[in-house]
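Single-letter residue listing:
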Amino acid sequence: MPFALAAILAVSLRVFAGLRGGVSPALAERDRIYLAGLLFPLGVYGLVLRLSNVLFRRGAPGLGGVLMLLRSELFFSLAHAAFWAGAFAAVRGRFLRWVVGGLFHVVTGLVVVLKTVAHRYFRETGTALDCHVIALWLPRLGQLRSMLTRGVPPLAWALLAAACLYTVAGPRLLARRFGRVRDRGGGDLRRARAFWDVAFGCGVLALWPGHLPAGWGRSSARDPVLHVALTALERLAPRREPEAVRRRPAGVRLRGGSRRRNLVLVHLESTRASSVTPYSPGLRSTPFLAELAESSLLVERAYSAVPHTSKAAVSANCGIFPPPLQEPVEAAPGGLEVRGIAALLGEEGYRTAFFQSSTREFEDFENLAGNLGYEDYYSIEDMETGGFERANYFGYEDEVMLAPAEGWIGEGAGEPFVITYLTGVAHHDYRPPARYGIVRFSEDELLNRYLNCVRYQDFFVRRLVEQYRRLGLYEETIFVIYGDHGEGFGEHGRYGHEDVPYEEGIRVPLIFHAPGLLGGGRIEGPASLADILPTVAELLGYEPEGGEGRSLLRPVPPDRPLMFSCFNRDRCLASLRGDEKYIYHYGDRPDELFDLSLDPAERRNLARKLPRRVRQRRGELLSWYYGRDGERWA
């Protein structure tokens, strides 16, 4: 607070010094009307967006907290207005005024677009848009456009069109209607500098975070334009590659082998453990999975190391912690230095295929499947989609895969095979197909749609198992059913999955169903998706060596440490040791420490009560991620 008061006092004195002693206006009347005609609505627009975001989150703060969260937006609007007032005050002459006016419209238009996109991104994820996310999605503008525009009502489009029309023509019409023709102003650099001093002071105040309400980070409270600009500067700064990337884990090797069974990996997109019946018996979303689990090995606590589809596929197929980088390096040519289960069993005479109910552009899975070692690859571009519903902005309902997969299996003449089915229905934007009806699970419309998508996946798994029974392959097949990551619905102020380090984001179902090899049973864990490969290898009679996973057919130490990373750059890291969960937010918000045995919903943060323990856990986590000098690079 003393810093803010000093800044306000310095700005006030500079403005007074710049404006005293003159009678001619610093700005022509037309310029004042022209600027106000655009900047005032823009300022109101930004404040309304921020206020709607504050009220959108669960547990909105009191009046003081709301005002603190509006603070950065307000000061940015003042800084933006003062900067352009200074620009108009500095220039004289028709050509220069035309140039400044053009830049004013272009920059202000970009500010409006950025604020609008950041608002939609926050509503979809609960986190702030930054330059790293923009750089990731720019090459995939088609998918991004669908994500941001889906569900926007027609009235909003009409208002946006009206706002764009007003931005182009409104200020000029106002200036011509109400400004005096012979009014003169501009060309006064002294007064222009006064405005720019105001802009600088307000910009500094917009950056200063202040005391934020609980649950809000500095990034989400900061004006989105400033936050994008700051993260753009971060991209220019030198950054050490994480030790977790530089470390090259040895790939899994197989020795021996006595059983030749088919292997089916059912990759359940965006499926969290708490939303399926075997883990939440009171929720009848997946009754078939519950039935199947009775004769299967079910892992009580299974986790995804990085809550992102392609990263989870690497863990499950290769038995390693995936590259914890925002860039999809695993799909790049030569992006994986280890072999996946498809490649390993392919060398043993297995046929291999990867099927997905989405476009091949999704996560660039065509290249990723090749890197994982699959010989054949099928996306919706290779399937007949007639009679199947769209399930989201990049795919169809999952049953579209059954017929082509059956055709591929029939070509093998009894040869053993490895096949992965990547489902897609449960992915955002949660459009449950009507094939099996819609059930009311929750009064929260978004969550209810998601749970119906999970319910549809249960029907898909049922149809899949029935297909294998009909083909006479059921008794000869090992089925591994796993979620790639969870999904947040505001439980901790976050939505989606990429930056959700809480249980709803990273705890997933994991079921091994092997008729004749495994009976019904549950193991506590904790387990990682990296454990799938060594567990399957042991079921097939191999002795797996290398990798970072471990066979779940052997006892798992209850205090086994697991490490996690958010998908987007510098958002969060987490670790689990026994029932103790630690989350590091890179200083954006306070560290968190939870005792999951007493607080499975992660509501009571113990970090302040156990500062020494927090420092120890932070050191362990950062040393694992960055190496010995992790604290310096975090």
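Considerations on a nonpolar patch on the surface
- Together, F40, V44 and V48 line one region of the surface with nonpolar side chains, adding up to about 300 Å² of accessible area.
- Position of V44 among the secondary structure elements: in helix α2 (residues 29-56).

Overview of helix α20 (residues 611-626)
- Taking 1.5 Å per residue, 16 residues should reach 22 Å; α20 reaches 22 Å between its end C-alpha atoms and fits that length.
- The set of residues buried in α20 consists of V614, R617, L621, L622, W624, Y625 and Y626. Taken end-on, α20 shows its buried residues confined to a sector of 165°, consistent with a single buried face.
- The first or second residue beyond α20 is G627, which carries a positive phi of 100°.

As for the packing of α2 against helix α4 (residues 94-125)
- Put simply, α2 and α4 touch, their axes get as near as 10 Å, and they point 10° apart. The angle between the axes of α2 and α4 places the two elements in the roughly parallel class. Packed against α2, whose contacting residues are D31, Y34, L35, L38, L39, L42, Y45, G46, L49, S52, N53 and F56, the element α4 presents R97, G101, F104, H105, T108, V111, V112, K115, T116, H119, F122 and R123 at the interface.
- Class assignment of the residues belonging to the contact of α2 with α4 gives a composition of twelve nonpolar, eight polar and four charged.

Quick look at the sheet that holds strand β14 (residues 510-513)
- Spatially, β6-β5-β9-β2-β10-β14-β3-β15 is the arrangement adopted by the eight strands of the open sheet, whose pairing is mixed. Each end of this open sheet is capped by a strand with a single partner; those strands are β6 (376-378) and β15 (521-523). Neighbour to neighbour, the strand axes of the sheet diverge by 15° on average, direction disregarded.
- Note that strand β5 (residues 351-356) and strand β9 (residues 417-422) share six bridges and pair parallel. Residue A353 lies in a different strand from β9, and its bridge partner there is I419.

With respect to the pattern of salt bridges
- Here the structure, examined in full by the defined rule, presents 32 salt bridges.
- Residues R470 and E406 are paired through a salt bridge, measuring 3.0 Å at the closest nitrogen-oxygen approach. With a gap of 64 residues between them, R470 in helix α17 (residues 445-470) and E406 in helix α16 (residues 402-410) connect regions that are remote in the sequence.
- Owing to a relative accessible area of 55%, R470 belongs among the exposed residues under this scheme.
- Counted as one network, the salt bridges with shared partners bring together R577, E580, R613, R617 and E620.

Description of the confidence of the model for the protein chain
- Of all residues in the protein chain, 89% have pLDDT values of 70 or greater, and the mean over the chain is 87.
- Here residues 11-24 scores under 50 on pLDDT; set against residues more than four positions off or in separate chains, the count is 17 contacts.

Let's talk about empty space enclosed by the protein
- Tallying each qualifying case throughout the model produces five cavities of 30 Å³ or more.
- Its volume calculated, the second largest cavity comes out at about 160 Å³.
- Taken together, 17 residues make up the lining of the second largest cavity; nearest its centre are R50, N53, A118, H119 and P224.
- Secondary-structure elements contributing two or more residues to the lining of the second largest cavity are α2, α4, α9 (218-221) and α10 (224-236).
- Its residues placed into classes, the lining of the second largest cavity shows six nonpolar, seven polar and four charged.

Rules and cut-offs
Residues numbered from 1 in each chain as written. Predicted model: local features only at pLDDT ≥ 70, side-chain atom pairs only at ≥ 80, totals over all residues. Heavy atoms only, no water. Patch = residues over 30% accessible without salt bridge, like charges linked within 9 Å, V, L, I, M, F, W, Y side chains within 5 Å. Areas by Shrake-Rupley, 256 points an atom, 1.4 Å probe, with all protein chains shown as cover. Salt bridge = Lys/Arg side-chain N within 4 Å of Asp/Glu carboxyl O. Helix = DSSP H or I, 4+ residues; strand = E, 2+ residues; numbered from the N terminus. Expected span 1.5 Å × (residues − 1). Buried < 20%, exposed > 50% of the residue type's maximum accessible area, 1.4 Å probe, protein only. Arc of directions from axis to C-beta. Axes fitted to C-alpha atoms, helices over the stretch in contact; angles between N-to-C directions. Parallel < 35°, antiparallel > 145°, perpendicular 65-115°, else oblique. Contact = heavy atoms within 4.5 Å. Nonpolar A, V, L, I, M, F, W, Y, C, P; charged D, E, K, R; others polar. Pairing = 2+ DSSP bridges. pLDDT = per-residue confidence, 0-100. 1 Å grid on protein atoms, 1.4 Å probe; cavity = no way out; pocket = protein on both sides within 12 Å on 5 of 7 lines; lining within 4 Å. Points joined across faces, edges and corners; volume = space filled by probe spheres on them.

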